[in-house]
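Structure at a glance
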Amino acid sequence: MKNLMIIALFLASFTWSQDVTVLVNADNPLTEISKSDLKKIYFGKKSTWDSGEKVIPMHLKLDTDDGIKFTKLLKTDPNRFKAKWLKIVYSGKATPPQRFKTSLQVDEIIKLIPGGIGIVSGGYTPKNPNVKVIKVK
Amino acid sequence: MKLQKKISLITGSFLTLFSIQGFAANVNEKLFIGGYSSFEWEQQIEKTGRSDRYGSFDADLFDLVLAYQASDKVRMAADLTWEHGAASEEGLGNVAVEYAYPEYAVSNEFKIRAGKMFTHFGIYNEIHTAKPAFLTVKEPLSTNKPDKFGSADGIPFFPRWQSGLAFLGDIDAGDNTVTYMVQVSNGDAAVRVDDEFELVSMYDKDVDHAKAINGRVIFTTEDDQAFALSAYYDNMSIVTGEDYEPLTDVGQISNSIDDGEVVGNLARFSLSFHSTGYIGDIGYEVEVVHGILDGKGPEGNPFYRERLGTSAMVYYPMAGRYTPFIRHEFLEPDMDADDDIAQAVSTGVNIRLDANLFLKTEYRITRAGEENDRFSKGRNEFSELLGAVAFGF
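Residues numbered from 1 in each chain as written. Chains lettered and ligands numbered in written order. Predicted model: local features only at pLDDT ≥ 70, side-chain atom pairs only at ≥ 80, totals over all residues. Heavy atoms only, no water.

**Here we look at empty space enclosed by the protein**
Put simply, the test is: Of the two site types, the cavity is a set of points on a 1 Å grid over the protein atoms alone where a 1.4 Å probe fits but cannot get out, and the pocket is an open set with protein on both sides within 12 Å along at least five of seven lines, each lined by residues with an atom within 4 Å of a point. Grid points are joined across faces, edges and corners, and a volume is the space filled by probe spheres set on the points. By the criteria applied, helices consist of DSSP H or I runs no shorter than four residues and strands consist of E runs no shorter than two, each listed in order from the N terminus. Under this grouping Gly is polar, as are all residues other than the nonpolar Ala, Val, Leu, Ile, Met, Phe, Trp, Tyr, Cys and Pro and the charged Asp, Glu, Lys and Arg.
Inspection of the entire model under this criterion finds 3 cavities of 30 Å³ or more. A:Ser36, A:Lys39, A:Lys40, A:Phe43, A:Lys45, A:Lys84, B:Asp175, B:Thr177, B:Thr220, B:Thr221, B:Glu222 and B:Asp224 together form the lining of the largest cavity. Per-element tally for the lining of the largest cavity: the top contributor is helix 2 (residues 35-42) of chain A, with 3 residues. Among the residues making up the lining of the largest cavity, the classes are represented as 1 nonpolar, 4 polar and 7 charged. A volume near 40 Å³ is recorded for the second largest cavity. What lines the second largest cavity is A:Val89, A:Gly92, A:Ala94, A:Thr95, B:Phe32, B:Val65, B:Leu66, B:Ala67, B:Arg75, B:Ala77, B:Ala78 and B:Tyr99. Elements represented by at least two residues in the lining of the second largest cavity include exactly strand 3 (56-69) and strand 4 (74-87) of chain B. A per-class count over the lining of the second largest cavity returns 9 nonpolar, 2 polar and 1 charged.

So, in structure tokens, the structure goes:
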């Protein structure tokens, strides 16, 4: 029974890790990032990395399965995410993350931006050597 | 790293080519242009009341929101507004800078702003013109415009805008966040004309050494529930202005105050608690504001008044498009006076038609005591229909 539970937990975590992939520029020293830090970044509450570099967040279109998985990771949904950003943008606090159609487009941008971070499709493998995947803890 | 930074500047064009914007345009990674518009209509149902008997349309506003990220640490933000179909030739409407400030980010935890800003107080003030950002047609009057809800002194709990410095940041508290903001500004002055006085916001000068100070602390949980305290304090000078004509000539206001004489003072202290978030699928907003006015008038007469305003709203988003809501507002304009309480209930639906185009429909009932300053004399019980089309980009 105990073994079965361990296998179930393993499968659950494997399934979850396949939901999204987090990409950063290869120069970024991070190897993993917490869900709460991701949430702070994608809601404009963490705008610089520890190095002082500006964080430039990106994600996929919200009205897709990937968009729904992305907002689920942030413990919200696409409509609440949009509503929250309307308040943030218009109050002058921060500018919204960039949205892209495909994971490859995010990959292509992050390779050029040291402070870039992108949440893309689960299981995506970067096509550029200047881009790496980091773990979500 | 420097080479990479140069390369990153070039990527602006890539961002323009590839990125898809939900409601705004990043011209490149440095320049952001967004904005919003709002068109409103309101119709009072009964013959008497204090709403619009004629069912007027209002070309409420068009705003441009700009941000420029000059470097990793320096950012400029601005919001420019054209209100009520502004037409300078006809002297109609209003053109204004809602905010314009550079921000220097020492770190996530400490940033500095200098310029004209919204007063950071409560839930609504920083978005009170941004109609796509909230569900109802208008913000709660009880907490944001008590002067329009029966506060006899005509003095809101806090000024809409301030000119000064702000210190702010986001501090990690485990999985939660503490967001703070401290603002120091000129505050307001009270200009006395005959027996009346009017508040003048001091964006370009001050008439005394006392600065207004306010602060807000928001504790936000990982589940996006927010609990906040806001406070505002200003010791306003009361100034006589012989040539002062209210709201007719901006230059004249300044000149009048320059030539005026300080004849009294009025301290304004306001404290607010608010909370926003979701309980399951039901969203809520609650705010309580307590305000004190304390001072001495031109003849040395003491003046003291306590006020209390509350608002509470629940809403239920459905199918990603329809959000019905109900809101209650309460204002006790003078806690020592009887029969002056004003209350309102608003209920309606906010419909997201497409992208960030919203249709708002609302039914609102207002009831006030006979001694309420705004709604007295048989105009204290009425209802109205309100509608709005708001668009954000």
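Further notes follow.
**Quick look at the interface of chain B and chain A**
To be explicit about the condition: We call two residues in contact when some of their heavy atoms are within 4.5 Å. By convention, the term buried area covers the 1.4 Å-probe accessible surface removed from two parts as they join, with the contributions of both added. Between Lys or Arg on one side and Asp or Glu on the other, a salt bridge is scored when a side-chain nitrogen of the former is within 4 Å of a carboxyl oxygen of the latter. In protein, a polar contact means a hydrogen-donor-capable atom and an acceptor-capable atom, both N or O and within 3.5 Å, with residues adjacent in sequence counting only if both atoms are side-chain atoms; elsewhere, any N or O pair within 3.5 Å suffices.
Taken residue by residue, the interface counts 57 residues in chain B and 42 residues in chain A. Here chain B and chain A share an interface that buries about 4,400 Å² over both sides, 54% of which is from carbon and sulfur atoms. For the interface between chain B and chain A, the tally reads 6 salt bridges. The closest approach of N and O atoms between B:Asp281 and A:Arg80, which form a salt bridge, is 3.9 Å. Summed over the shared surface of chain B and chain A, the number is 21 residue pairs in polar contact (both at pLDDT 80 or more). Only helix 1 (2-18), strand 2 (31-44), strand 3, strand 4, strand 5 (92-107), strand 6 (110-118), strand 7 (161-173) and strand 8 (176-185) of chain B provide two or more residues apiece to the side of chain B that touches chain A. A total of 8 residues in the side of chain B that touches chain A trace back to one element, the largest contributor, which is helix 1 of chain B. Across the side of chain B that touches chain A, the residue classes break down as 21 nonpolar, 20 polar and 16 charged.

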